Amino acid sequence: MSESHGELTRIDMASLPSHVRRVLDGVDDLLLHHLPMNVRFRRVTSREGLLLHGPSGWAEAAPFWDYDPVESSTWLAGAHSVATGPRRTSLRDRVPVNVTIPVVCASDAYQRVISSGGCATAKVKVADPNTELSEDIARVEAVAQALVDTVGAEHGRIRVDVNAAWDVDYARKAVPQLDRAAMQVGGLEYAEQPCASVEDLATLRRSIDVPIAADESIRRAEDPQAVARAQAADVAIIKIAPLGGIERALQIGEQTGLDLVVSSALESSVGLGVGVRAASLLPGTVRACGLATSHFLACDVVSQSLLPVDGFLPVRDVEPDQSLVDARPVDAEIRDRWLHRLDLMCAHLESVAGGHHA
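Residues numbered from 1 in each chain as written. Predicted model: local features only at pLDDT ≥ 70, side-chain atom pairs only at ≥ 80, totals over all residues. Heavy atoms only, no water.

**Remarks on the overall build of the protein chain**
Inference 1: Scanning the protein chain from terminus to terminus reveals 11 helices and 13 strands.
Inference 2: Against the globule reference of 21 Å for 358 residues, the protein chain gives a C-alpha radius of gyration of 20 Å, in line with a compact fold.
Inference 3: Seen along its three principal axes, the alpha-carbon backbone of the protein chain occupies a region of about 60 × 45 × 40 Å.
Inference 4: Expressed as a percentage of the 358 residues in the protein chain, the buried residues total 56%.
Inference 5: Taking contacts inside the protein chain between residues at least 6 apart in sequence as the whole, the part at least 24 apart equals 70%.
Inference 6: Carbon and sulfur atoms make up 48% of the accessible area of the protein chain, which amounts to about 14800 Å² in all.
Inference 7: Across the protein chain, the centroid of the 34 positively charged side chains sits 2 Å from that of the 49 negatively charged ones. (Helix = DSSP H or I, 4+ residues; strand = E, 2+ residues; numbered from the N terminus. Rg over C-alpha atoms; globule rule 2.2 N^0.38 Å. Buried < 20%, exposed > 50% of the residue type's maximum accessible area, 1.4 Å probe, protein only. Contact = heavy atoms within 4.5 Å. Areas by Shrake-Rupley, 256 points an atom, 1.4 Å probe, with all protein chains shown as cover. Lys, Arg positive; Asp, Glu negative; His and termini not counted. Charge placed at Lys NZ, Arg CZ, Asp CG, Glu CD.)

Printed below as a string of structure tokens:
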């Protein structure tokens, strides 16, 4: 982490409207964070979110601002369930993770793998509106070389994340080229969300040899199972908070019948710790998870960020550093904006529950 400072503020539960307190029943501490990032990531330069504490520990709800109150409320309900609901016993004490390579030049991409903490799998972001496919190819080639130089060709894996940027015709051309760029490590493990619609994913999957992973088609879909029914993907990307918490996310993932990869939504180490706990509950062999993203934050809500060692993250409770609370309070305008958002999210959750607790 750099020396940049984040902001962490305690919200007085007693000051909240009654419907918010009803929805947050069981929560005994509520914090708001604002954390600058050290790299621009999908047009995001800072992260903000709520940290909830309850009988089962800390959880995080940090919906991006392009989520409306209704969609954001799923993140809040998920964090509430993690903080207040029952906990299952983990099946392992650590989980493998991938290093995520943002849209950077090839030399920077190489160095990020080298300094990744031993990650044998790399997820490479591609298809940025301001870059050419040739730059994406060079980035993948550099990552492949770095994996050969660190963990060896037989252990290295590369997956690319397109974030639904391509139509089918372009994807048919681009994905095989990226697959060839990764050939030093056996080609692409999969291409994540190359097209936006389930129909396009299914069409693409039938026409190329590279496996397809679905993210937005599950995370932001009214029917997360549509991907599986359409045979549009081989892998389901599971993000815990957007899908409503550990149990609901794992249930949705299991119902798809696809291989699962637990991934982050650029949370603080508190949210990442919840993702690691979810991945620790997966049966069988666990694919490398997309949870090693704390290094994208210039600072964190904890004294020691969750960082990979030998390509793994430990399964452990992650708690915010209490000495940071109100040391640098969140800006009043941001705080008011979040209190209004919290009001709207809770109003929706209470209306859905018919007046009962969330």
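**Things to note about the side chain of S56**
Inference 1: Summarising the element assignment, S56 is placed in the loop between β3 (44–54) and β4 (57–61).
Inference 2: If we skip the residues at most four places from it in the chain, S56 touches V82, A83, T84, G85, P86, R87 and R277.

**Quick word on the sheet that holds strand β1 (residues 7–10)**
By way of backbone hydrogen bonds, the strands of a sheet pair with one another, either parallel or antiparallel.
Inference 1: As summarised here, the arrangement of the four strands in space is β1-β2-β3-β4, forming an open sheet in which the pairing is antiparallel. Strands at the two margins of the open sheet, each flanked by one partner only, are β1 and β4. Between one strand and the next, the sheet's axes are offset by a mean angle of 25 degrees, whatever the strand orientation.
Inference 2: Relative to β3, strand β2 (residues 29–41) is paired through nine bridges, and the arrangement is antiparallel. Note that in β3 the partner of H34 across the bridge is E48.
Inference 3: Along the sheet face, helix α10 (residues 269–279) touches β3 and β4 and points at about 105 degrees away from the line of β4. (Pairing = 2+ DSSP bridges. Axes fitted to C-alpha atoms, helices over the stretch in contact; angles between N-to-C directions.)

**Structural notes on the environment of V113**
Inference 1: Considering the arrangement of structural elements, one finds V113 in helix α3 (residues 106–114).
Inference 2: Of the residues examined, V113 reaches a relative accessible area of 2% and is grouped as buried.
Inference 3: A C-alpha to C-alpha distance of 13 Å links V113 and K125, two positions 12 residues apart in sequence.

**Concerning the pattern of salt bridges**
Inference 1: Taken as a whole, this structure holds 18 salt bridges when the rule is applied.
Inference 2: In this structure, D29 and R10 form a salt bridge, with 2.9 Å as the shortest nitrogen-oxygen distance. One end of the pair, D29, is in strand β2; the other, R10, is in strand β1, with 19 residues separating them in the sequence.
Inference 3: Of the charged contacts, one joins R88 and E247 as a salt bridge, the two residues approaching to 3.1 Å between their closest N and O atoms. With R88 in the loop between α2 (69–84) and β5 (94–96) and E247 in helix α9 (residues 246–256), this pair connects stretches of sequence that are 159 residues apart.
Inference 4: Judged by relative accessible area, which is 41%, E247 ranks as partly exposed.
Inference 5: The structure contains a network of salt bridges with shared partners spanning K123, K125, D161 and E192. (Salt bridge = Lys/Arg side-chain N within 4 Å of Asp/Glu carboxyl O.)

**Focus on the nonpolar core**
Inference 1: One finds L50, L76, I158 and L342 to be the most contacted residues of the largest nonpolar core, which totals 117 residues.
Inference 2: For I158, the contacting residues outside a window of four places in its chain are A122, V124, V140, V143, A144, L147, A182, V185, G187, L188, E189 and Y190.
Inference 3: Core analysis: the second largest hydrophobic core is formed by five residues, Y190, A213, I237 and V261 among them. (Core = buried A, V, L, I, M, F, W, Y, C linked by side-chain atoms within 4.5 Å.)

**Topic: the sheet that holds strand β10 (residues 212–214)**
Inference 1: Read across the open sheet, the seven strands follow the order β6-β7-β8-β9-β10-β11-β12; overall the sheet is parallel. The sheet is open, and its two edges are formed by β6 (98–101) and β12 (259–263), each paired on a single side. Sheet twist, expressed as the mean angle between neighbouring strand axes with direction ignored, is 25 degrees.
Inference 2: The pairing of β6 with strand β7 (residues 121–125) spans four bridges and is classified as parallel. Within β7, the position partnered with I101 by the bridge is V124.

**What to know about the environment of D343**
Inference 1: You can see D343 is positioned in helix α11 (residues 332–352).
Inference 2: Owing to a relative accessible area of 25%, D343 belongs among the partly exposed residues under this scheme.
Inference 3: Linking D343 and R21, residues 322 residues apart in sequence, is a C-alpha distance of 9.9 Å.
Inference 4: Those residues in contact with D343 that sit more than four places away from it in its chain are P17, H19 and V20.

**Digging into the pairing of β4**
Inference 1: A large share of β4 lies buried, amounting to five of its five residues.
Inference 2: Looking at chain direction, β3 and β4 are connected through five bridges and run antiparallel. Pairing of H53 across the sheet is with W58, part of β4.
Inference 3: What sits between the antiparallel neighbours β3 and β4 is a turn of two residues.

**Side note on the packing of aromatic side chains**
Inference 1: Enumeration according to the criterion identifies five aromatic pairs in this entry.
Inference 2: Among the aromatic residues, those joined into a cluster by ring pairs are F64, Y67 and W75.
Inference 3: Positioned above the aromatic ring of W65 is the side chain of R337, whose terminal nitrogen or guanidinium carbon lies 3.6 Å from the ring centre.
Inference 4: Sitting over the ring of W338, R341 keeps its end group 4.8 Å from the ring centre. (Phe/Tyr/Trp six-rings, centres within 6.5 Å; stacked < 30°, edge-to-face > 60°. Lys NZ or Arg CZ within 6 Å of the ring centre and 35° of its normal.)

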